[in-house]
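# Observations on the model geometry
Spelled out, the chains give:
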Amino acid sequence: MFHWKNAPKMRNMPAKKKSSKIKSSPKRGIKYEDKSPGQPELVPIFNEIKKLMKPYVKGTLKESGDSKGQYGLISEMEIEVNGKKKPEVYFAGALVQKGYVGFYFMPVYSEPGLKNVLPQELLKCLKGKSCFYIKKKDPILLSQIKDALKLGYEDYKKKGWVK
């Protein structure tokens, strides 16, 4: 059994070198362009999803991060969730990743009942709570994303999260 008193003395150990690697953080931003050049087949998928999202840019729903393989829609309304005030609420986004386009769809997280009405083909792409991995430009899947966006927008409108 290891005990700290029996550990070797650290006095004469050389100091650890600091890593010169820059770690990505929300403040510095993630270099999405590093992920997309090797994935040219994903750019048309990203563009299609982005095109499906564009009609929802209205009222309080604004575009966010429209560059280098990332695009999002955020409602600029103050809302309260579990007693905490939030200055905005995320609606949906698309992000070119390595090997897939991430379609981030928050209504499926904020309203789990939406999973009961989404088609099985789309639900098979759901990895995690709100991220769908879209790996091919499938017209059926894109049509289902279009329908999901409409349902999600209606849900947000009903909750008063978009105007």
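Residues numbered from 1 in each chain as written. Predicted model: local features only at pLDDT ≥ 70, side-chain atom pairs only at ≥ 80, totals over all residues. Heavy atoms only, no water.

## What to know about the side chain of Ser 130
The line we're drawing: Strands here mean DSSP runs of E at least two residues long; helices mean DSSP runs of H or I at least four residues long; both are numbered from the N terminus. Every residue pair with non-hydrogen atoms within 4.5 Å of one another is taken to be in contact.
Assignment of secondary structure puts Ser 130 in the loop between strand 7 (126-127) and strand 8 (131-134). Ser 130 has contacts with Phe 103, Tyr 104, Phe 105, Met 106, Val 108 and Tyr 109, leaving out every residue within four places of it along the chain.

## Re the nonpolar core
Spelled out, the test is: Buried Ala, Val, Leu, Ile, Met, Phe, Trp, Tyr and Cys residues that are joined via side-chain atoms within 4.5 Å together make up what is termed a nonpolar core. Remark: exposure states derive from per-residue accessible area (1.4 Å probe, protein chains only) relative to the maximum for the residue type, with buried under 20%, exposed over 50%, and partly exposed in between.
Judged by nonpolar contacts, the single largest core of 36 residues is most densely connected at Ile 49, Phe 103, Phe 132 and Leu 149. The set of elements that each furnish at least two residues to this core consists of helix 1 (43-53), strand 2 (70-75), strand 5 (89-96), strand 6 (101-105), strand 8 and helix 4 (139-159). Residue contributions to this core peak at seven residues, all from helix 4. Beyond its immediate sequence surroundings of up to four residues, Phe 132 is in contact with Val 101, Gly 102, Phe 103, Phe 105, Val 108, Leu 118, Leu 122, Leu 123, Cys 125 and Leu 126.

## Looking at helix 1
Note the following rule: To be clear, the arc concerns the directions from the helix axis to the C-beta atoms.
Those residues of helix 1 that sit buried are Ile 45, Phe 46, Ile 49, Lys 50, Leu 52 and Met 53. Relative to the axis of helix 1, the buried residues are bounded by an arc of 160° and lie together on one face. Packed against the buried residues of helix 1 are strand 1 (61-67), strand 2, strand 5, strand 6, strand 8 and helix 4.

## Quick word on the sheet that holds strand 6
The condition is simple: Strand pairing is defined by DSSP finding a minimum of two bridges between the two strands. Fitted lines through C-alpha atoms give the axes, limited to the stretch in contact for helices. The angle between two N-to-C directions lies from 0 to 180 degrees.
On the basis of which strands lie adjacent, the open sheet formed by six strands has the order 1-2-5-6-8-7 and antiparallel pairing. Each of the sheet's edge strands pairs with one partner strand only, and the pair in question is strand 1 and strand 7. As paired strands, strand 1 and strand 2 are joined by five bridges and run antiparallel to one another. Considered in strand 2, the bridge of Ser 67 is made with Gln 70. Packing against the sheet, helix 1 makes contact with strand 1, strand 2, strand 5, strand 6 and strand 8, and its axis sits at approximately 155° to strand 5. Contacting strand 1, strand 5, strand 6 and strand 8, helix 4 crosses the sheet at an angle of about 160° to strand 5.

## Overview of the environment of Lys 98
With respect to the helices and strands, the residue Lys 98 is situated in the loop between strand 5 and strand 6. Overall, Lys 98 belongs to the exposed group, its relative accessible area being 65%. As a C-alpha pair, Lys 98 and Gln 39 span 59 residues in sequence and 7.0 Å in three-dimensional space.

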